[in-house]
Amino acid sequence: MPDRHVDHLLIGGGIACATAAATLRKEGAGGSVMLVGRELDAPYHRPPATKGYLLGATTREDALVHPQGWWAANDVELRTRTSVSALDPVAGVATLSTKETVGFTTALVATGAMVRRLAVPGTELDGLHYVRTLGNADLVKRDLEEARARHVVLVGGSYVGCELAASLTTLGLRCTVLMQEEEPMERGLGTTAGRRVREVLEAHGVTVRGGVDVEGFTGDGRIERVLLAGGEQLLADAVVAGVGAVPDVLLARKAGLAIGALGGVECDAMLRSSALGVWAAGDICEYQSLLHGRRVRIEHEEVAAAQGAHAARAMLGATGAYAEIPFFWSELADWMSVEYVGAAGDWAREELDGDPRSGPFGVRYLDTDGVLVAALSVDGGGDLEAARAELAA
């Protein structure tokens, strides 16, 4: 017999479970709800870690998904600094890191993702950072101040790398972005949009170098040089890497949940896992998308929130498929904003709305049949709402 029982167990300290908790109460769930997360803080928004919070423009409290008093006011038991060490879906029992056992009627697994770490010589040296949490942002700022850093190398040209380059430049540091692709954000947004990102970064003093591989780091206890393929060496006071993330499916795998080809928890179109009464959401959720006609796994906060809400309704008996149009956004300081709908793994051609060389513009991404699969708005250009409606049709 478990030590206690809850009606709805939410596993994960991110926005997916926080949104699920709010949706359960909004939809009239009267049973007990427990959210278990290993994070030190209550669930918070992650984007400020590379933007406003890192810049000192916002606080930890500003980043919270719900105000501190929300949890008690809505009778949701919040267990921070606690993880689920074992999950038995058949018995409906979870074992917490405190050794307490908790029975449940329904469960949502949303354990997020872990940063992908560089596998090159020299990563044991001080001065190498990854930013995924507010705590990571605190550590970066403290280290840069203590080391009196002037030049920071960003490894990776994705959203994280570009956002960090913009924020750190705003803080007065000289930044260099190194990436394997030719243009920043190219893998997700294409060459045209990536070229615009490069131009904006360079216009603000960021050095952007594409088509390069980092082979290691050297230094006397702390990183002093970045080694590139071909033998070139760059001086650096610190390095921040943003080279992707890996879905944290350790608990799910141990619990016997099916793991998909994309590395996430395999779910159907309703976000149900292979275990009865257990759903998944967020970075680990690999679901059958009716929109895309294939399995997808999407790592963006807005998607995690929407999936958390959908899973909560399903836990209460709703039977509809998850059909939200994926949406995400990014900002490079106050230099540039990007909004995107859809999730094009690939596309055949692009249609431009506006001039990418100056001013706002939009991009429509089309497949081989000319069907819209995604759309991009840069600085408000294009018609994102029209694209969203077209994707939903």
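As shown above, the structure is provided for reference.
Throughout, residues of each chain are indexed from 1 in the direction in which the sequence is written. At least 70 in pLDDT is required for a residue's local features to be given in this predicted model, at least 80 for side-chain atom pairs to be given and counted, and no such filter applies to totals for whole chains, interfaces and linings, which use all residues. For side-chain calculations, the full set of non-hydrogen atoms in the structure is used, while hydrogens and water are omitted.

1. Description of the sheet that holds strand β23 (residues 349-353)
On the basis of which strands lie adjacent, the open sheet formed by five strands has the order β21-β22-β25-β24-β23 and antiparallel pairing. Each edge of the open sheet carries a strand with a single partner, namely β21 (327-332) and β23. Averaged over all pairs of adjacent strands, the angle between their axes in this sheet comes to 15°, without regard to strand direction. Only strands joined by at least two bridges in the DSSP assignment are considered to pair. Secondary structure elements follow DSSP: runs of H or I of four or more residues count as helices, runs of E of two or more count as strands, with numbering from the N terminus. Here strand β22 (residues 336-342) runs beside strand β25 (residues 372-378); their pairing, made up of five bridges, is antiparallel. Within β25, the residue paired with valine 338 across the bridge is valine 378. Note on method: axes are straight lines fitted to C-alpha atoms, helices fitted across the in-contact stretch only, with angles between N-to-C directions ranging 0 to 180 degrees.

2. Here's the deal with the sheet that holds strand β15 (residues 238-241)
Ordered in space as β8-β15-β9-β10-β11, the five strands form an open sheet in which the pairing is parallel. Each edge of the sheet is formed by a strand with only one pairing partner; in this case those strands are β8 (128-130) and β11 (207-209). With direction set aside, neighbouring strand axes in the sheet form an average angle of 20°. Pairing between β8 and β15: three bridges, direction parallel. Bridge pairing in β15 links leucine 128 to valine 239. Throughout, a residue-residue contact means that at least one pair of heavy atoms, one from each residue, lies within 4.5 Å. Sheet strands touched by helix α5 (residues 134-146): β8, β9 (151-155) and β15. Its angle to β8, the strand with the most contacts, is close to 155°.

All we've got here are geometric facts, nothing functional implied.
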